[in-house]
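Now for the letters of each chain:
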Amino acid sequence: MEKIGKYQFMAEPFHCDFNSRLFMGHLGNHLLNAADFHSNDRGFGMIYLKTINKAWVLSRLAVEMEHMPQAYDRFWVETWVESAMRFFTNRNFAITGTDGQVYGYGRSVWAMIDTDTRQPHNLLEIHDGSINDYVERDKPCPIAKSSRVQMSDGAELVRTIDTYYNDVDMNGHINSVKYIEHVLDLWDMDWYRHHQIHRFEVAYVAESHQGDRLSLYREQTGENEYCVRICKDHDVEVVRSKVIF
C-alpha cells in the first residue's frame, strides 16, 4: 500500500462552534481517526493490536492551523509515519480542502503499551517491524515539533472538574481529546469572538481515570500564548498544554 493515507471528512454543523468553525477537539478526533485508518489498513492498528493485548497511546500532539474548516466543508486529512523507534513513532498530518487549500498541519508522537501491564512495548516486534515499510521521510511537515511546555509554580488554578463515563475511551483512561476540550473551555465565548486558535500543543504525562478530579492551572507565557497544566489529586501532573491564539 501507499505510505501516505488520505481520508475525507466533513465539518458537521453540530461539531462546529458559534463562529461556524470546526471545534479543535473534533478536528483532533478526525486526526486520530485518520491515524487509526492508516495503521489498521497496514496491519499495525488497533484492530490487530487488541488481539495481542497491545494498544497505541498518544504521547504528544501539535496542531497548527491557518484556517479552520467551516460548517459543511469537506476536507482531507493526509497522514504518514515520519519515523519509528523501539518505543515511539512520529506521525504527521496535513489538513487540506477539496480545492487544495491548506488548512494546517499536525505532528504527533505515539507509544505502544501492553494493555495488561500498562508498560511500554517494543513496537518493532509487531509483524517483524513492518511499520518501517511505511516510513515516509520525504514528505514535508512545515510546522515545529512539540516543545517542552515550561510553566512556573505561580500558575493560577482556574478550575477543578470531575470525570465521568463519557470521558473514558476504549483503553480505559480519560480520552485524549477530552483533555483538549477541557483546556480550551478555560476561555469563554467572548474570547473566541476575537481570537482564533493558531497552534495547539498537548503532552500526555500520565493516565487518569473515571472518578479522578482534574485541576487545571493556567499561565500566560507570551503575547497570545498560554500554558495549561492538568493535575489529578491536585499535584499529580497528567497533561501539559500550550495554546497560541
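Above this text you will find the structure in question.
Worth saying up front: this structure is predicted, and the values here are computed from it rather than measured.

Q: Can you help me understand the overall build of the chain in this one?
A: When helices and strands are tallied, the chain shows four helices and 10 strands. Mapped in sequence order, the helices and strands of the chain form the string β-α-α-β-β-β-β-β-α-α-β-β-β-β. Rg of the C-alpha trace for the chain: 18 Å, near the compact-globule value of 18 Å for 245 residues, within the 12% margin. Projecting the C-alpha coordinates of the chain onto the three principal axes gives extents of approximately 50 × 45 × 30 Å. Evaluated residue by residue, the chain yields a buried proportion of 53% over its 245 residues. Partitioning the intrachain contacts of the chain with sequence separation of at least 6 by distance along the chain shows that 70% fall at a separation of at least 24.

Q: Looking at this structure, I do not really get the sheet that holds strand β8 (residues 214–222). What am I missing?
A: Strand pairing in a sheet relies on backbone hydrogen bonds. The paired strands run either parallel or antiparallel. Across the sheet, 10 strands lie side by side as β1-β3-β4-β5-β2-β7-β10-β9-β8-β6; this open sheet has antiparallel pairing. The sheet terminates laterally at β1 (5–10) and β6 (156–161), the two strands that pair on one side only. Taking the axes of each pair of neighbouring strands and ignoring which way they run, one obtains an average angle of 25 degrees across the sheet. Relative to strand β10 (residues 236–244), strand β9 (residues 225–232) runs antiparallel, the two sharing eight bridges. Looking at β10, one finds that E225 is bridged to I244. Along the sheet, helix α1 (residues 24–41) contacts β1, β2 (54–65), β3 (74–84), β4 (88–97), β5 (102–114) and β7 (199–204); its crossing angle with β1, the most-contacted strand, is approximately 145 degrees. Relative to the sheet, helix α3 (residues 176–184) contacts β2, β6, β7, β8, β9 and β10, its axis offset from that of β7 by approximately 125 degrees.

Q: I would appreciate a short explanation of the environment of K3 in the present structure.
A: As for its placement among the helices and strands, K3 is situated in the segment before β1. Taking the C-alpha atoms as reference, K3 lies 39 Å from W187; in sequence the two are 184 residues apart. Apart from the residues lying within four places of it in its own chain, the contact partners of K3 are H38, R42, T79, W80, D133, Y134, V135 and E136. A polar contact of 3.2 Å, which involves the side chain of K3, links it to the backbone oxygen of V135.

Q: Which parts of the structure should I look at to understand the nonpolar core?
A: If you look at soluble globular proteins, the nonpolar side chains tend to sit buried side by side. In terms of nonpolar packing, the biggest core is built from 62 residues, with M24, L27, W56, F75, W187, F200 and I230 touching the most fellow members. W56 has contacts with F44, G45, M46, L49, T89, W110, A111, M112, L123, I131 and N171, leaving out every residue within four places of it along the chain. Counting six residues, the second-largest nonpolar core is a separate cluster that includes V149, A155, Y217 and C227.

Q: Whenever I open this one, the side chain of S241 confuses me. Can you help?
A: Considering the arrangement of structural elements, one finds S241 in strand β10. Residue S241 is classed as buried on the basis of its relative accessible area of 0%. In terms of polar contacts, S241 uses its side chain to reach the backbone carbonyl oxygen of E201, at 2.7 Å. In this structure S241 touches V149, V183, F200, E201, V202, Y226, C227 and V228, once residues within four positions along its chain are discounted.

Basis of the calculations
Residues numbered from 1 in each chain as written. Predicted model: local features only at pLDDT ≥ 70, side-chain atom pairs only at ≥ 80, totals over all residues. Heavy atoms only, no water. Helix = DSSP H or I, 4+ residues; strand = E, 2+ residues; numbered from the N terminus. Rg over C-alpha atoms; globule rule 2.2 N^0.38 Å. Buried < 20%, exposed > 50% of the residue type's maximum accessible area, 1.4 Å probe, protein only. Contact = heavy atoms within 4.5 Å. Pairing = 2+ DSSP bridges. Axes fitted to C-alpha atoms, helices over the stretch in contact; angles between N-to-C directions. Polar contact = N/O pair within 3.5 Å; in protein donor to acceptor, adjacent residues only side chain to side chain. Core = buried A, V, L, I, M, F, W, Y, C linked by side-chain atoms within 4.5 Å.

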